[in-house]
Structure formats: structure tokens, C-alpha cells
Amino acid sequence: MSDPTPVEKGLAAEVQGMSESELAQHLEEVAEAVAPDREIQVDVGDTLLELDDVTLRFGGLVALDSVSFGIRRGEILGMIGPNGAGKTTCFNVMTGVYRPSSGEVRLEGRRLGRLKRYQITRRGIARTFQNIRLFEEMTALENVVVGTDARHKTSVVGALARLPRHWQEERAGVERAMALLEFVGIADRAADRAKNLPYGYQRRLEIARALATEPKLLCLDEPAAGFNPAEKDELMELIRRIRDDGYTVLLIEHDMRVVMGVTDRIVVLEFGKKIAEGTPAQVRDDPAVIAAYLGVPDDGAA
Amino acid sequence: MTSHLALTLAQSGSQWIDFNVGLLAERFWANTVDGLAYGSIYALVALGYTLVYGVLRLINFAHSEVFVVGAFGAYFTFVGLGYKPGPTLASGLGPLIANLVLAGAVAMIAAGLIALLLERVAYRPLRRRNAPRLVFLITAIGASFAIQQGFYLWRGANPEPAIRLVRPEAVFDIAGTRITNIQIVVFVASVVLLIVADRFVGQTRLGRGIRAVAQDPDTAALMGVNKERVIMLTFVIGGALAGAAALFYVMMIPQGVLYNGGFLLGIKAFTAAVLGGIGNLRGALLGGLLLGVVENYGQTLFGGEWRDVVAFVLLIGILMVRPTGILGESLGRARV
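Here's what I pulled together on the structure shown here. (Residues numbered from 1 in each chain as written. Chains lettered and ligands numbered in written order. Predicted model: local features only at pLDDT ≥ 70, side-chain atom pairs only at ≥ 80, totals over all residues. Heavy atoms only, no water.)

## A look at the overall build of chain B
Thinking step 1. Within chain B, the secondary structure is distributed over twelve helices and two strands.
Thinking step 2. For chain B, the sequential pattern of α-helices and β-strands runs α-α-α-α-α-β-β-α-α-α-α-α-α-α.
Thinking step 3. When its C-alpha atoms are laid out on the principal axes, chain B stretches across 60 × 55 × 40 Å.
Thinking step 4. Looking at chain B as a whole, 54% of its 336 residues qualify as buried.
Thinking step 5. Intrachain contacts of chain B at a sequence separation of at least 6 include 79% that bridge at least 24 residues. (Helix = DSSP H or I, 4+ residues; strand = E, 2+ residues; numbered from the N terminus. Buried < 20%, exposed > 50% of the residue type's maximum accessible area, 1.4 Å probe, protein only. Contact = heavy atoms within 4.5 Å.)

See below:
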């Protein structure tokens, strides 16, 4: 068990001794740290990320078949489809895990092309994982700090020489990470190893870590998996708050209540093809969707 | 079981093996101090094995040659500074320290660069092509031989004539044991370097990157960690620490600058890393010191020719009880 750093201790003590007005002020500062230099915008804007005729083949298997859709800045886009429809594969293409066999992915009009994964993250796409993939041996805080590191500008040489800027960035990273833990509601366990956190905390820690990279687009891969109804409500609330802070969210989720309740638009995949796109109401009434997805018994997620 | 075995050895031992408990008791502190000095060198080299293993799951067998490059770097710095083989020149303390620091810097840079070169030339192309692990392993062994034979072609089979910058002098006594200036310098400097390395990995951004890649390379990349840079950094740090170890080694054993002078030391350091739990920084420190001390006791107890046997029997014994080493395998747990 690692000792909390001075910053962690300080922050914890800070919150405990606060009056209500001070706490409100503090929360505003947290909000600022969570979404720095970001115009708080809830209006849906231009296209942020675009999949243009993306096909992905593994040998003879076509995992994605000419998929095209756009994600607009400031919206929550849901992606649904039966198991094996290609949702996670779609995520993997966006984040550079796979390269499309043909077609292209554009972020803010620029091709992601042959960028490496870490470069795509620095361009502004971050994700969480269906199967939680935290750095288990690190503390919750450290996990998030790894994310903030993506935004550091000091070079290796600068860090080795311990330039003042390096320490400023280091400190700013820890503070921002702490603010993010508060934002997702798990600051009380900041100093615990990730593997020792309860399941719900781990899921939220993944979201905090992804937000730490300051993404333009946050991709959540089944974040409600394994949650009870109350936790799902909290998660929907959190996703809305993330969007209201100016992030764009792409959500893969099996739970129809969550998807219908929180998204602005929905894209439906089946067998690697897009079969529908529209508002939750439109998608719900789409005969193709009903046949493909809602018609089959739910897999019990709801 | 163990005591019974020891007894048997002792009874029949006078024929073929010394079992000199009296001598060990007499030299206990001398052995301990000497063992700690040797052990800290093992620990520094072991760190290079452990760091690379942690990040790439690769045993970099060419690391022993990285050490040799450091030893030659330090040696030629001595030569360049005008030191000659033979009796130790009397020089002022100030210039002496400056020269040692310079030699250390040269050794660390040379070893760091050769480690980096090794990564770029030997390992990275394999990684690009997703080669299986065994291919890395045989490449490492091949690279080790290549560098070793390169030195053989250049310098021949004989060790370089010994250059002593520092004459070993007793500085103070512990329980009647004379502690020399070299032992103190080597031990203290090594421990300082080990602490710096531990803090670097445990508390800085680059260290976090190293630990993130060690725990989950794919996720680390998706969180914005530049894996290739982390790998390069890992090799450079490991190499530089081996370079520092090489300077200390040349100070303690001036006649040890030799084309294959890294072979046994490399294996010992690797043993130390496995002993402490490969992939674990503090394990490397612990394993190095333990190995240095125990093999010194063994040497006194059984005689000099048993020194290496004791080292490896210790390894086997500990791995039988704890297969992952004393502290367990995990670079991620650098912050224990």
C-alpha cells in the first residue's frame, strides 16, 4: 500500500474542512480542471469524427462492411447492435488498434491514416474498455495521471534535467487527475491500488483516465455492463455531465434503457453493416432495427 | 535436511571440500562488507535486466556486453587522462574525484548508447515484424557474442594492464574489520544510483510511462503513452546503470577489463534479478546485495572455487521455495 502523496493528503484535507460556499467554489474549480479551456457547449455542431465507407476484413471475414457515419461535436451518439455486430471493432478502427482495409476515418476533417495509437490519443480520441483494463498495480490517482501525461510538453531531456516546467506540469497533472476523480465520484479511494477498487469504481476510474487525456471524443464501450439500475442512473447522469462539459461522447451499450435515455442519436450495426441511424425514437420504430435487434430477445443486460 | 547435508559434507568434506566455519566467523564482517560492495555492482547491472524484462518480457542477454562497453569506456578515459598501468599515482583528492566522475560519465554514456543501439538494430526490427519471443532471445545471445568477439578482435584475449586510480586504504574499522575507501565509495554511490532509479520509475512521468507499458502495453498506447520511446528510455537507463557499475568494477578489480569480462558478471547480475523477482526494481537491489554477501560467505566457508557454485545454489534454493523470486515479479509494483 503506497502512502498518499502530499498533494493527495492536502486535497483530501481541503475538502473535509470546507463550508458549503467554499465547497461550491471548490467544485467550480474542479469543473474548470475537468474541462480546461473548453467552451461549455451543449449545442450540437459540425462533424467531429467521420467514418467514410470503412471496411475491415480479417482474412475472409468482413468485420465492417462499408460503414459510414459521422459524430457531431457536442452530441452523445449511441452505437447498438447484436453481439458480434462490429461495435467494438468500430471503436478499434477509430482508436488505431486496427487500420481499415479500405475507406478512412477523419477527425476534424484530417485523416487518421497511419497514425500510431498514442498519436491518435493525443489528437483527441480516448476510450474505455468493455473488459476493464486499468493499470492494476497503480493507484487510482496514478492511473489518471498516466492519462494527463499525454498532454505534457516537457521533453525527455527536460524531465531528466528536472526543469521547473517539468515539475509544474507534474503538479498540474496530479491536481487535474484528482479533480477528475472527484468528477466521476471516486476521489475517496484515490490512493488505493486500482485492482483493489470495487467494480463500479473501476468502471468510473476508466472514464476518468480517458477524460484525463483531454479527448475531443470520448468512446465508452459498454460502461453500464454489470451495473444495477441505481448505478445505471448515476452513469447516465455522469455521461450527461461529461457532454455538458463540452465533450463529445460515443456510447456502445447493450442496455436499451441507458441508450434510449441518454443518447441524442443512435447508429445501429448488424453483421458489420450500418442498418439504421437516427434519433432514439426513429431507431426504436425502424422495422429493420426491430427485426435485427429489438426483435431478438435481449441478452439479459436490461 | 539441510543441516544433515551440511554435516555429511563437513564429515567427508576434508577430502575434497573445506568447511571452514572458524574462518567464516573470523572473516564474517570482512565478507559482509566486501559482499555488499560486490552486491551493489550486481544490483546495478541487474536493474538493466529487470527494466528491459519488465517492459518487453525479454531477457537481454547482451546486457553483459553493455557492461563491458562501460568498462572499456572507463578504462580508456583513465588512459586518456594520462594514468599509466603500474603503481598508483599520488594525486590530490579533488582531481581524483573529478577524474572518476568523468570516467563514470563516459562509461554511462557509452553503455547507454550501446544499449540504445542494440535496441534499434537488434530488437526493434523484430518487434516491427511481430517476431516470437524465442527469436528475441536467440538474437540477444547472438548480439552478445557479436559484441564480445568484436572486442576480442580489437583488444585480443589478454586483459588490459591494470590501472589503479585509487589505492585501497582502510578508512575505519568495524569489529576489527578494515573497511576500505573503495568499498565505501562503491557501495554508497551504487545505493544512491539505485535510489535515484527507483524514484525515477516510481514518481516521474517517464517512470509512470514505463510502468504503464510494463503492465499493459496496448492500453498504455491508447492512453497516449509512446511505447517506442518508453522502450528506448528503458534501454538507455539500464545501459547507463551498467556503465556506472562498470566504473565501480574497474575500481575494485582493475585487472578485469577484458573482452569477455562481462560474461560471469552478467550471469550473476541476471541471477540477482531473478533472485529478487525479475521485473521488480527493489527485487534487483535485494537480490544483488544478497547474492554478493552469500557468495562471499560461501567462498570463505568452502573455498574460493566454490564461490560461483554457492551463488547458483542460492538461486535454485530460493526459486524452489518462491518461483517468482523474493519480492515477486512486477515492474508495476515499483512503488511497494
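Once you've had a look at it, read on.
## Focus: helix 6 (residues 181–203) of chain B
Thinking step 1. Taking 1.5 Å of rise per residue, 23 residues should cover 33 Å, and helix 6 of chain B covers 32 Å from first to last C-alpha, within 8% of that figure.
Thinking step 2. Inspection of helix 6 of chain B places N181(B), I182(B), Q183(B), V186(B), S190(B), L194(B), A197(B), D198(B), F200(B), V201(B) and G202(B) among the buried residues, and these make up the whole buried set. (Expected span 1.5 Å × (residues − 1).)

## Some points on the nonpolar core
Thinking step 1. If you look at the biggest cluster of nonpolar residues, it comprises 98 residues, and the most contacted ones within it are F67(B), F78(B) and Y123(B).
Thinking step 2. The dominant element in this core, judged by the number of residues it contributes, is helix 9 (residues 227–252) of chain B, at 16 residues.
Thinking step 3. Those residues within four positions of F67(B) in sequence are excluded, and the remaining contacts are V45(B), A242(B), A245(B), A246(B), Y249(B), G261(B), G262(B) and L265(B).
Thinking step 4. Ranked by size, the runner-up nonpolar core spans 39 residues in total, among them A140(A), A194(A), L218(A) and L220(A). (Core = buried A, V, L, I, M, F, W, Y, C linked by side-chain atoms within 4.5 Å.)

## Comments concerning the state of the cysteines
All names here are of chain A.
Thinking step 1. A full pass over the atoms with the stated rule returns zero disulfides over all chains.
Thinking step 2. Left unpaired, C90 is separated from the closest cysteine sulfur, that of C219, by 9.3 Å.
Thinking step 3. Judged by its relative accessible area of 0%, C219 falls in the buried class. (Disulfide = S-S within 2.5 Å.)

## Some remarks on the pairing of strand 8 (residues 248–252) of chain A
All names here are of chain A.
Thinking step 1. Burial within strand 8 is extensive, with five of its five residues counted as buried.
Thinking step 2. Burial along strand 8 is two-sided: T248, L250 and I252 facing one way and V249 and L251 facing the other are all buried.
Thinking step 3. Of the pairings in the sheet, the one linking strand 3 (residues 76–80) to strand 8 comprises four bridges and is parallel in character. By the bridge assignment for strand 8, M79 is matched with I252. (Pairing = 2+ DSSP bridges.)

## Comments concerning the sheet that holds strand 8 of chain A
Residues and elements named next belong to chain A.
Thinking step 1. The sheet built from six strands is open, its strands ordered 6-7-8-3-9-10 with mixed pairing. The open sheet has two free edges, formed respectively by strand 6 (125–127) and strand 10 (273–278), since each of these has just one partner strand. Strand-to-strand twist across the sheet, computed as the mean angle between neighbouring axes with direction ignored, equals 20°.
Thinking step 2. As defined by bridge partners, strand 7 (residues 217–221) adjoins strand 8 across five bridges and the pair is classed as parallel. Paired with C219 across the two strands is L250, which belongs to strand 8. (Axes fitted to C-alpha atoms, helices over the stretch in contact; angles between N-to-C directions.)

## Description of the packing of aromatic side chains
Remark: the centre distance and the inter-plane angle together describe each pair of aromatic rings, the angle taken between the planes.
Thinking step 1. For the structure on display, the rule yields 16 aromatic pairs over all chains.
Thinking step 2. When the ring of Y199(A) is compared with that of F227(A), the centres are 6.2 Å apart and the planes differ by 85°; the resulting orientation is edge-to-face. One end of the pair, Y199(A), is in helix 8 (residues 199–212); the other, F227(A), is in the loop between strand 7 and helix 9 (229–244), with 28 residues separating them in the sequence.
Thinking step 3. Assessed through its relative accessible area of 38%, Y199(A) is described here as partly exposed.
Thinking step 4. Of the aromatic side chains, those joined through ring pairs into one cluster are F72(B), Y75(B), F76(B), F151(B) and W154(B).
Thinking step 5. Above the face of the F129(A) ring, R133(A) is positioned so that its terminal group lies 4.9 Å from the ring centre. (Phe/Tyr/Trp six-rings, centres within 6.5 Å; stacked < 30°, edge-to-face > 60°. Lys NZ or Arg CZ within 6 Å of the ring centre and 35° of its normal.)

## Quick word on the pattern of salt bridges
Pairing is possible between side chains of opposite charge, provided their charged atoms come close.
Thinking step 1. Within the structure shown, the criterion is met by 38 salt bridges over all chains.
Thinking step 2. Salt-bridge contacts for E108(A) lead to R73(A); the nearest nitrogen and oxygen are separated by 3.1 Å. Taken as a pair, E108(A) in the loop between strand 4 (102–107) and strand 5 (110–111) and R73(A) in the loop between strand 2 (61–72) and strand 3 lie far apart in primary sequence, 35 residues in all.
Thinking step 3. By relative accessible area, which is 22% here, R73(A) ends up partly exposed.
Thinking step 4. The partner of E119(B) in a salt bridge is R127(B), and the shortest N-O contact between them spans 2.7 Å.
Thinking step 5. Residue class for R127(B) comes out buried when judged on its relative accessible area of 14%.
Thinking step 6. Ionic contacts of the salt-bridge type, sharing partners, join the residues E50(A), D52(A), E104(A), R106(A) and R111(A) into one network. (Salt bridge = Lys/Arg side-chain N within 4 Å of Asp/Glu carboxyl O.)

## A word on the sheet that holds strand 1 (residues 47–58) of chain A
Thinking step 1. Taken in spatial order, the four strands of this open sheet run 2-1-4-5 (chain A), and their pairing is antiparallel. Edge positions in the sheet fall to strand 2 and strand 5 of chain A, since each has one partner strand and no second.

## Topic: the environment of E108(A)
Residue and element names in this part refer to chain A.
Thinking step 1. Taking relative accessible area as the criterion, E108 reaches 34% and is therefore assigned partly exposed.
Thinking step 2. When the C-alpha positions of E108 and A292 are compared, they lie 32 Å apart, and in sequence the two are 184 residues distant.
Thinking step 3. Dropping the residues within four chain positions of it, E108 is found in contact with L48, R73 and K216.
Thinking step 4. Of the polar contacts made by the side chain of E108, one reaches the side chain of K216; its length is 3.2 Å. (Polar contact = N/O pair within 3.5 Å; in protein donor to acceptor, adjacent residues only side chain to side chain.)

## Some points on the pairing of strand 2 (residues 177–180) of chain B
Thinking step 1. Where strand 1 (residues 170–174) of chain B and strand 2 of chain B come together, four bridges link them in antiparallel fashion. Pairing of I174(B) across the sheet is with T177(B), part of strand 2 of chain B.

## A closer look at a nonpolar patch on the surface
Residues and elements named next belong to chain B.
Thinking step 1. On the surface, F28, W29, V171, F172 and I174 cluster together to form a nonpolar patch covering roughly 440 Å² of accessible area.
Thinking step 2. Of all elements in the fold, only helix 2 (21–56) and strand 1 reach the threshold of two or more residues within the nonpolar patch.
Thinking step 3. Note on placement: F28 falls in helix 2.
Thinking step 4. Its relative accessible area of 30% is what places F28 among the partly exposed residues. (Patch = residues over 30% accessible without salt bridge, like charges linked within 9 Å, V, L, I, M, F, W, Y side chains within 5 Å. Areas by Shrake-Rupley, 256 points an atom, 1.4 Å probe, with all protein chains shown as cover.)

## What to know about the packing of helix 3 (residues 63–80) of chain B against helix 5 (residues 133–155) of chain B
Residue and element names in this part refer to chain B.
Thinking step 1. The N-to-C vectors of helix 3 and helix 5 enclose an angle of 30°; their axes lie 8 Å apart at closest approach. Overall, the two elements helix 3 and helix 5 adopt an arrangement that is roughly parallel. For the pair formed by helix 3 and helix 5, the contact residues are S64, E65, V68, V69, F72 and F76 on the first element and S144, I147, Q148, F151, W154 and R155 on the second.
Thinking step 2. Within the contact of helix 3 with helix 5, the residues separate by chemical class into seven nonpolar, three polar and two charged. (Parallel < 35°, antiparallel > 145°, perpendicular 65-115°, else oblique. Nonpolar A, V, L, I, M, F, W, Y, C, P; charged D, E, K, R; others polar.)

## Here's the deal with the side chain of T213(A)
Thinking step 1. Relative to the assigned elements, T213(A) resides in the loop between helix 8 and strand 7.
Thinking step 2. Given a relative accessible area of 0%, T213(A) falls into the buried group.
Thinking step 3. Dropping the residues within four chain positions of it, T213(A) is found in contact with T121(A), A126(A), G147(A), A150(A), R151(A) and M223(B).

## Regarding the packing of helix 2 of chain B against helix 3 of chain B
Relative placement of two packed helices is described by the angle separating their axes and the distance separating the axes.
All names here are of chain B.
Thinking step 1. The contact between helix 2 and helix 3 brings their axes to 10 Å, and the two run at 135°. As far as their axial angle goes, helix 3 and helix 2 are oblique. For helix 2 against helix 3, the interelement crossing comes out right-handed. Taken together, the residues of helix 3 that come into contact with helix 2 (itself represented by V45, G48 and Y49) are H63, S64 and F67. (Left-handed = near helix turned anticlockwise from the far one by under 90°.)

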